[in-house]
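A look at the structure
Chain by chain, the residues:
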Amino acid sequence: MVLQRRFLPSTSALAAFESVARLGSFSAAASELSLTQSAVSRQVAQLEDQLGVRLFERNGRGVFLTPEGRSYSETVGTALKMLRMASLNIMTRRHGNSLNLAILPTFGTRWLMPRIPGFVARHPEIILNFATRIGRFDFGKEGIDAAIHIGQADWPDAISTFLMAETVVPVCAAAFKQAHALESPRDLASLPLFHMSSRPGAWEHWFASAGEAPPPAQGMWFEQFSTVTQACIAGLGVALMPEFLIRTELETGQLVVAVPHRVKSQSSYYVVTPAARARDPSVAAFVDWIVGEAHAYAEQA
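Below is a short write-up of the structure. Note that the coordinates shown come from a computational prediction; the quantities given were computed from them, not determined experimentally. (Residues numbered from 1 in each chain as written. Predicted model: local features only at pLDDT ≥ 70, side-chain atom pairs only at ≥ 80, totals over all residues. Heavy atoms only, no water.)

What about empty space enclosed by the protein?
Scanning the model with the defined rule gives three cavities of 30 Å³ or more in all. Its volume calculated, the largest cavity comes out at about 120 Å³. Taken together, 14 residues make up the lining of the largest cavity; nearest its centre are Leu104, Pro105, Arg199, Glu223 and Phe225. Among the elements that take part in the lining of the largest cavity, helix 6 (residues 105-112) stands out by supplying three residues, more than any other. Class assignment for the residues of the lining of the largest cavity results in nine nonpolar, three polar and two charged. Counted as a void, the second largest cavity has a volume near 60 Å³. Forming the walls of the second largest cavity are Phe194, His195, Met196, Arg199, Pro200, Ala202, Trp203, Ala239 and Leu240. (1 Å grid on protein atoms, 1.4 Å probe; cavity = no way out; pocket = protein on both sides within 12 Å on 5 of 7 lines; lining within 4 Å. Points joined across faces, edges and corners; volume = space filled by probe spheres on them. Helix = DSSP H or I, 4+ residues; strand = E, 2+ residues; numbered from the N terminus. Nonpolar A, V, L, I, M, F, W, Y, C, P; charged D, E, K, R; others polar.)

Right, dumping it as structure tokens:
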């Protein structure tokens, strides 16, 4: 029993370690955990003593993970996430049905959330829990029942139901467009072009559709539309963006269309459900509802 306990540190110590590892600061971790800095330091020191290894190196420049600490932090972070999700599942299911949804950040904020009240009104018995995910993940390990996915209908061991296509157009700040006298697709080839990790071939497809040879895939890469939008507004370059996700920025003039050549994206939006959960009443209700919302939106567009 003593040997087993050595390998089962307290969750408070693990939470303190994970927070410091992720934030790179004892003071930031203390603020996040609502503890004093000395309390966080004690938790980490106790964990190091229990494991018999140094997890952090401390010097005048800050706090850095040791090789052992870096390896340990990856496993601990995953384990704590699973524990949090398991706890959330148990807590919500005490009160009825729950549905854990993985959403794309910008799509979730700008398209899905304004429509969610309609689902809640129709299905008040279902409790929705939201998590942000970009790209594929393991539904079982993450405890997710359904996900909004941008890409192709090729998620392994899952059912992908089409929601909508998207049209993309190059956008930038008004001052950037004026400074570079943009008129045709060819004018963009030598400029800083932003790339999305979820759409690695987007610019190549766009240039090809305009009859132009695509330039090398150089420039900044981003994971979220909110970040690339701000980079465009700051005048750093040009990005291919779905018009329906940046309607506000276009209407307010924060962004302008760099060149009026619109292209249907190679990627589409899907609601994805693990095959084992597809017939669950809560999952089926959500899929039916969001497909209906997507169809209604397409008819209005």
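What about the pairing of strand 13 (residues 268-274)?
Counting buried positions over the seven residues of strand 13 gives seven, a clear majority of the element. By the alternation rule, side chains of strand 13 split into Ser268, Tyr270, Val272 and Pro274 and Tyr269, Val271 and Thr273, which are all buried. Here strand 5 (residues 146-151) pairs with strand 13 via five bridges, running antiparallel. Opposite Ile148, over in strand 13, you have Val271 as the bridge partner. Relative to strand 13, strand 6 (residues 158-164) is paired through six bridges, and the arrangement is antiparallel. Among the inter-strand pairings, Met164 is bridged to a residue of strand 13, identified as Tyr269. (Buried < 20%, exposed > 50% of the residue type's maximum accessible area, 1.4 Å probe, protein only. Pairing = 2+ DSSP bridges.)

A closer look at the packing of aromatic side chains
For the structure shown, the criterion picks out 20 aromatic pairs. On the numbers, 6.3 Å between centres and 80° between planes, the contact of Phe107 with Phe244 is edge-to-face. You can see Phe107 sitting in helix 6 and its partner Phe244 sitting in the loop between strand 10 (238-242) and helix 12 (247-252), a full 137 residues away along the chain. Aromatic side chains Phe107 and Tyr269 sit 4.6 Å apart centroid to centroid with 20° between the ring planes, which places their arrangement in the stacked category. Here Phe107 is found in helix 6, whereas its partner Tyr269 is found in strand 13, with 162 residues between them in sequence. Looking at Phe107, the relative accessible area reads 2%, which means it is buried. Taking relative accessible area as the criterion, Tyr269 reaches 1% and is therefore assigned buried. (Phe/Tyr/Trp six-rings, centres within 6.5 Å; stacked < 30°, edge-to-face > 60°.)

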